[in-house]
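A structural walkthrough
The residues making up each chain are set out below.
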Amino acid sequence: MKFFIDTANLDQIREANDLGVLDGVTTNPSLMAKEGIKGVANQREHYLKICEIVEGDVSAEVIATDYEGMIREGEELAALHPQIVVKVPCIESGIKAIRYFTQKGIRTNCTLIFSVGQALLAAKAGATYVSPFVGRLDDISTDGIGLVAQIVEVYSTYDYNTQVLAASIRHTQHIIQCLEVGADVATCPLGAIKGLLKHPLTDSGLATFLADHKKVNG
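So, here is what we can say about the structure in this document. Predicted model, so just to flag it, every value in this text is computed and none were measured.

**Re the overall build of the chain**
Regarding its fold elements, the chain presents 11 helices and 8 strands. Considered along the principal axes of its C-alpha atoms, the chain spans approximately 70 × 40 × 30 Å. Relative to its full complement of 218 residues, the chain shows a buried share of 47%. Restricting to contacts in the chain with at least 6 residues of sequence separation, those with at least 24 account for 56%. On the chain, roughly 11,100 Å² of surface is accessible, and the fraction owed to carbon and sulfur atoms is 52%.

**Some words on helix α3 (residues 40–53)**
The terminal C-alpha atoms of α3 lie 20 Å apart, and with 14 residues this matches the ideal 20 Å at 1.5 Å per residue to within 8%. Looking at the packing, one finds that the buried side of α3 touches α1 (10–18), β2 (24–26), α2 (29–34), β3 (57–61), α4 (67–80) and β4 (84–89).

**Quick look at the environment of glutamate 153**
Its place among the elements puts glutamate 153 in helix α8 (residues 144–158). Distance from glutamate 153 to lysine 34, taken between C-alpha atoms, is 35 Å for residues 119 residues apart in sequence.

**With respect to α4**
Taking 1.5 Å of rise per residue, the 14 residues of α4 would be expected to cover 20 Å, and the 20 Å separating its terminal C-alpha atoms lies within 8% of that figure. Those residues of α4 lying buried are Gly69, Met70, Ile71, Glu73, Gly74 and Leu77. Buried residues belonging to α4 abut α3, β3, β4 and α5 (92–103).

**So, the pairing of strand β6 (residues 129–132)**
A regular strand carries its side chains on alternate faces of the sheet. Burial of β6 is two-sided: the residues Tyr129 and Ser131 facing one way and the residues Val130 and Pro132 facing the other way are all buried. Looking at chain direction, β6 and strand β7 (residues 163–166) are connected through 2 bridges and run parallel. Considered in β7, the bridge of tyrosine 129 is made with glutamine 163.

**Remarks on a nonpolar patch on the surface**
Taken together, the side chains of Leu19, Val21 and Leu197 present a nonpolar region at the surface, about 270 Å² in accessible area. Locating leucine 19 in the fold gives a position in the loop between α1 and β2. A residue is classified by how much of its surface remains accessible, and leucine 19, at 42% relative accessible area, is partly exposed.

**Points about the packing of helix α6 (residues 116–125) against α8**
α8 packs onto α6 with a crossing angle of 40° between their chain directions and a minimal axis gap of 10 Å. Taken together, the axes of α6 and α8 lie oblique to each other. Crossing of α6 over α8 shows right-handed handedness. The residues of α8 that touch α6, namely those facing Val116, Ala119, Leu120 and Ala123, are Leu147, Gln150, Ile151, Val154 and Tyr155. Here the contact of α6 with α8 is composed, by residue class, of 8 nonpolar, 1 polar and no charged.

**Observations regarding the sheet that holds strand β5 (residues 108–113)**
Here 8 strands make up a closed barrel; going around it, the order is β1-β2-β3-β4-β5-β6-β7-β8 and the pairing parallel. For this sheet, the mean angle separating the axes of adjacent strands, direction not counted, is 30°. Where β7 and strand β8 (residues 185–188) come together, 2 bridges link them in parallel fashion. Paired with alanine 166 across the strands is alanine 186, a residue of β8. Most of the contacts of α3 go to β3, to which it runs at about 165°, and overall it touches β2, β3 and β4. Contacting β3 and β4, α4 crosses the sheet at an angle of about 160° to β4.

Calculation notes
Residues numbered from 1 in each chain as written. Predicted model: local features only at pLDDT ≥ 70, side-chain atom pairs only at ≥ 80, totals over all residues. Heavy atoms only, no water. Helix = DSSP H or I, 4+ residues; strand = E, 2+ residues; numbered from the N terminus. Buried < 20%, exposed > 50% of the residue type's maximum accessible area, 1.4 Å probe, protein only. Contact = heavy atoms within 4.5 Å. Areas by Shrake-Rupley, 256 points an atom, 1.4 Å probe, with all protein chains shown as cover. Expected span 1.5 Å × (residues − 1). Pairing = 2+ DSSP bridges. Patch = residues over 30% accessible without salt bridge, like charges linked within 9 Å, V, L, I, M, F, W, Y side chains within 5 Å. Salt bridge = Lys/Arg side-chain N within 4 Å of Asp/Glu carboxyl O. Axes fitted to C-alpha atoms, helices over the stretch in contact; angles between N-to-C directions. Parallel < 35°, antiparallel > 145°, perpendicular 65-115°, else oblique. Left-handed = near helix turned anticlockwise from the far one by under 90°. Nonpolar A, V, L, I, M, F, W, Y, C, P; charged D, E, K, R; others polar.

By themselves, these observations are geometric and do not establish any function.
Next up, the structure:
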């Protein structure tokens, strides 16, 4: 399973990349706003900075919700850098835009997926990735991981090439659960990725090794 980091923070992207396990980055307007990045020109410059740090795919989201606007923005984003994947919401105009982009050879990430039906339409339109939102479904007492599992099964049964990119990951256990159900990608906060390193037996074992070494070597 690939690891993407879900942030627009350059320091966090560098830290994740330095671990040697980062495969890509996802961003959205909320994450850009969180970093205080305002204006289209500044946001596009920021995408280029991200592409300089990582070698993998970088999802850049369109703001328009109408078909023509999505096409215009998507083509501009895709032209910025070969690593850019155009992120499009799963609405009617978005599915139409994904079909257009697919025919033009532009890779896409269909975002805000909350049902198998939405994931099916995105795959049929040719999306490179679909992003089911695990945490947001959990927030309303719905099984987010269960949806990821359903989409993985449907794509496998009908041989769709679209990759399942589990999004809205809230914690380390979500990552493990995504692994178990066969997600292609999990996009996570840095803390959730680093949480995979943590285990009390590792900490206590290391402390014992160091203590024993000190006894022998001073």
